[in-house]
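Here's the letter readout for the chains.
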Amino acid sequence: MSVFERLGCRPIINASGKMTALGASAVEDDVAQALADAARDYVEISELLVKAGRVIAEATGTPDGLPTTGAAAAIVLGVAGVIAGEDLDRIEAIPGPVEGPREIILQKGQSVNFGASIEQMIRIGGGVPVEVGQANHVEAAHVEGAIGPNTAALLYVKSHHAVQKGMASLEEMVEIARRHDLPMLVDAAAEEDFGQYFRRGADLVFCSGGKALNGPTSGFLCGRADLVAAARAQYAGVGRPMKVGKEAVLGLCTALQGYHDRPDRSEEQRVQMEDLCARLNRVDGLTAAVAADEAGRAIYRARIAIDPAVYGLDALEATRRLQEGSPAVFVRDHYANTGVIMIDPRPLRPGQVDAIGDAIVALADKENQS
Ligand SMILES: *Cc1c(COP(=O)(O)O)cnc(C)c1O
């Protein structure tokens, strides 16, 4: 029985990815042990935050870091830090207006919803989001033109949620930020290489602990020491309702310390998905093949195109039925409106690839009998 069934929750198979709505990640044993150990003991939190910052700095190759409840909180604390600094009156005034620059410039195609609105996170941190350009076209000149005395920082969002083409590059953004002496913030919540954005010129980077890192529900920011210190100071203000637990901090540190030693499972997962595709290609109405990640990460998913006339259901309906099954299978439905469902191998636990195959085959059988 899954631990969540004890509360009456349905058992699920997560084949959709690192989805916050499904609990984001299932951690390795050493991380789970760290969570349990931390839960049973005490520590001075202010010291823990500083020491954990050293672990984050080490793992990311940046000067300093700060644990958070997630990347969303990292955005809030990072923005608030840029605006309020370490001045307690200003810290306590956030998110209300404080004197001085508060505008955070971001490209229109990067103003995403990741389950919540990135602009709302900026506003909670006391910032005023300023979108530039058009949804599918932003030039450096748009960014440059929006900069004025009220500009506090530039924000670049590296995400599969964002428009991938037609945006100003990180390098262009960094160049503009440097020239105007503005902090360059980067939301890299779901990315795999946490260190690269700082190396490419970012001043502050926002990351999720529960996505690529496969850590506990947590996050962190990392980068320039003064900006990290300012963000840390916000735990006395707007950060209080998003305080990160000692369990999550220790789990995050354990996951970060093991990150580079963890075996790369992408090849093994690709083979699993090849096998699943071979099985599903024998089902009438399904055309399956392994597809590489659209954002270039080392993720190989099974891409299953459904011919509703033959399979009996379209992709949207199949997605819904699979979620209603027992166990409930949550497939990746980003392209369901185009007739395609995807299986993400990363969150799957042993035996679940077969269970997913069974569920998809059973759905076709059931439909063709009725
Ligand atoms: C997931 C995500 C977030 C939020 O991360 P959490 O760790 O869930 O708070 C922020 N930005 C982007 C681009 C994301 O994909």
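For the structure itself, look to the data block above.
Anyway, here's the lowdown on the structure attached to this text. (Residues numbered from 1 in each chain as written. Predicted model: local features only at pLDDT ≥ 70, side-chain atom pairs only at ≥ 80, totals over all residues. Heavy atoms only, no water.)

### Overview of the pattern of salt bridges
Side-chain pairs of opposite charge can arise where the charged atoms are in close proximity. Put simply, the test is: Within this document, salt bridges are pairs made up of a side-chain nitrogen of Lys or Arg and a carboxyl oxygen of Asp or Glu, the two lying within 4 Å of each other. Helix numbering and strand numbering both begin at the N terminus, where a helix is a DSSP run of H or I of at least 4 residues and a strand a DSSP run of E of at least 2. Under the scheme applied here, a residue whose accessible area is under 20% of the maximum for its type counts as buried, over 50% as exposed, and between as partly exposed, the area being computed with a 1.4 Å probe on protein chains only.
All chains considered together, the criterion is met by 28 salt bridges. A salt bridge links aspartate 30 to arginine 262; the nearest nitrogen and oxygen atoms lie 3.4 Å apart. Of this pair, aspartate 30 sits in helix H1 (residues 29-39) while arginine 262 sits in the loop between helix H10 (246-258) and helix H11 (266-280), and the two are 232 residues apart along the sequence. For aspartate 30, a relative accessible area of 37% puts it in the partly exposed group.

### Examining the sheet that holds strand S8 (residues 219-223)
This is how it is decided: At least two bridges found by DSSP between two strands are what make those strands a pair. What counts as an axis is a line fitted to C-alpha atoms, over the stretch in contact for a helix, and the angles between N-to-C directions run from 0 to 180 degrees.
In space, the seven strands of this open sheet follow the order S2-S8-S7-S6-S5-S3-S4, with mixed pairing throughout. Strand pairing shows two members of the sheet lacking a second neighbour, strand S2 (64-68) and strand S4 (128-132), which therefore form its edges. Each neighbouring strand pair of the sheet contributes to a mean axis angle of 25°, computed without reference to strand direction. Bridge count between strand S6 (residues 184-187) and strand S7 (residues 204-208): three bridges; the pairing is parallel. By the bridge assignment for S7, leucine 185 is matched with leucine 204.

### Examining the environment of phenylalanine 206
Cut-off, in case you're wondering: Whether two residues touch is decided by their heavy atoms; if any such pair falls within 4.5 Å, the residues are in contact.
Among the structural elements, phenylalanine 206 can be located in strand S7. Contact partners of phenylalanine 206, with chain neighbours within four places excluded, come to Ala71, Ala74, Ile75, Gly78, Leu155, Leu185, Val186, Asp187, Ala188, Ala189, Phe220 and Leu221.

### Focus on the sheet that holds strand S9 (residues 286-292)
Hydrogen bonds along the backbone pair up the strands of a sheet, which may run parallel or antiparallel. The three strands lie next to each other as S9-S10-S12, forming an open sheet whose pairing is antiparallel. In the strand order of this sheet, the two ends are held by S9 and strand S12 (340-343), each with one partner. Shown here is a sheet whose adjacent strand axes are inclined to one another by a mean of 25°, direction ignored. For strand S10 (residues 300-306) and S12, the ladder comprises four bridges, and the chain directions are antiparallel. What sits directly across from alanine 305, in S12, is valine 340.

### Focus: the pairing of S8
For S8, the buried fraction is high: five of the five residues fall into the buried class. Sheet analysis places S2 next to S8, joined by five bridges and oriented antiparallel. Along S8, the bridge assignment pairs glycine 65 with cysteine 222. Across five bridges, the pairing between S7 and S8 is antiparallel. Looking across to S8, one finds that serine 208 is bridged to glycine 219.

### Focus: the nonpolar core
Quick note on the threshold: Here, nonpolar core means buried Ala, Val, Leu, Ile, Met, Phe, Trp, Tyr and Cys residues that are tied together by side-chain atoms lying within 4.5 Å of each other.
Counting residues in each nonpolar core, the largest one holds 76 residues, and the members touching the most others are Leu154, Leu155 and Leu221. Ranked by residue count, the leading element in this core is helix H3 (residues 71-84), at ten residues. The residues touching leucine 154, leaving out its near neighbours within four places in the chain, are Ile105, Val143, Ile147, Met173, Ile176, Ala177, Leu182, Pro183, Met184 and Leu185. Core analysis: the next-biggest nonpolar cluster, separate from the first, contains 28 residues, Met273, Leu286, Ala288 and Ala302 among them.

### Overview of the site of the ligand
Selection criterion: One heavy atom within 4 Å of a molecule or strand is enough for the residue carrying it to be called near that molecule or strand. Residues adjacent in sequence count toward polar contacts only when both atoms are side-chain atoms; beyond that, a polar contact is any pair of N or O atoms within 3.5 Å, and within protein one must be able to donate a hydrogen and the other to accept it. Residue-level accessible areas treat just the shown protein chains as cover; the underlying method is Shrake-Rupley with a 1.4 Å probe. Think of it as three bins: nonpolar holds Ala, Val, Leu, Ile, Met, Phe, Trp, Tyr, Cys and Pro, charged holds Asp, Glu, Lys and Arg, and polar takes everything else, Gly as well.
In the vicinity of the ligand, the contacting residues are Thr20, Gly70, Ala71, Ala72, Phe114, Ser159, His161, Asp187, Ala189, Ser208 and Lys211. For the ligand, an oxygen atom lies 2.8 Å from a polar atom in the backbone of alanine 71. Within the backbone of alanine 72, a nitrogen or oxygen atom sits 2.9 Å from an oxygen atom of the ligand. Alone, the ligand offers 380 Å² of accessible surface; in the complex the protein occludes 91% of this. Tallied by class, the residues present in the shell around the ligand amount to four nonpolar, five polar and two charged.

### Some remarks on the packing of helix H2 (residues 45-60) against H10
Spelled out, the test is: Geometric relationships in this document are graded by angle, where less than 35 degrees denotes roughly parallel, more than 145 denotes roughly antiparallel, 65 to 115 denotes roughly perpendicular, and other angles denote oblique. Note on convention: near helix rotated counterclockwise from far helix by under a right angle means a left-handed crossing. Clockwise means right-handed.
Contact geometry of H2 with H10 gives a least axis separation of 10 Å together with a crossing angle of 20°. The angle between the axes of H2 and H10 places the two elements in the roughly parallel class. The chirality of how H2 crosses H10 is left-handed. Within the contact between the two elements, H2 uses Ile45, Leu48, Ala52, Val55, Ile56 and Ala59 and H10 uses Lys246, Val249, Leu252, Cys253, Leu256 and Gln257. Residues of the contact of H2 with H10, tallied by class, amount to ten nonpolar, one polar and one charged.

### Considering the environment of phenylalanine 114
By secondary structure assignment, the location of phenylalanine 114 is in the loop between strand S3 (103-107) and helix H5 (118-124). Taking the C-alpha atoms as reference points, phenylalanine 114 and arginine 303, separated by 189 residues in sequence, lie 22 Å from one another. Not counting residues up to four positions away in its chain, the partners in contact with phenylalanine 114 are Ala72, Met121 and His161.

### Focus on H10
Stated formally: Take the number of residues in a helix, subtract one, and multiply by 1.5 Å to get its expected span.
The end-to-end C-alpha distance of H10 is 18 Å, a good match for the 18 Å that 13 residues give at a rise of 1.5 Å each. Of the positions making up H10, those classed as buried are Ala248, Val249, Gly251, Leu252, Cys253, Thr254, Ala255, Leu256 and Gly258. Contacts from the buried residues of H10 go to H1, H2, S2 and S8.

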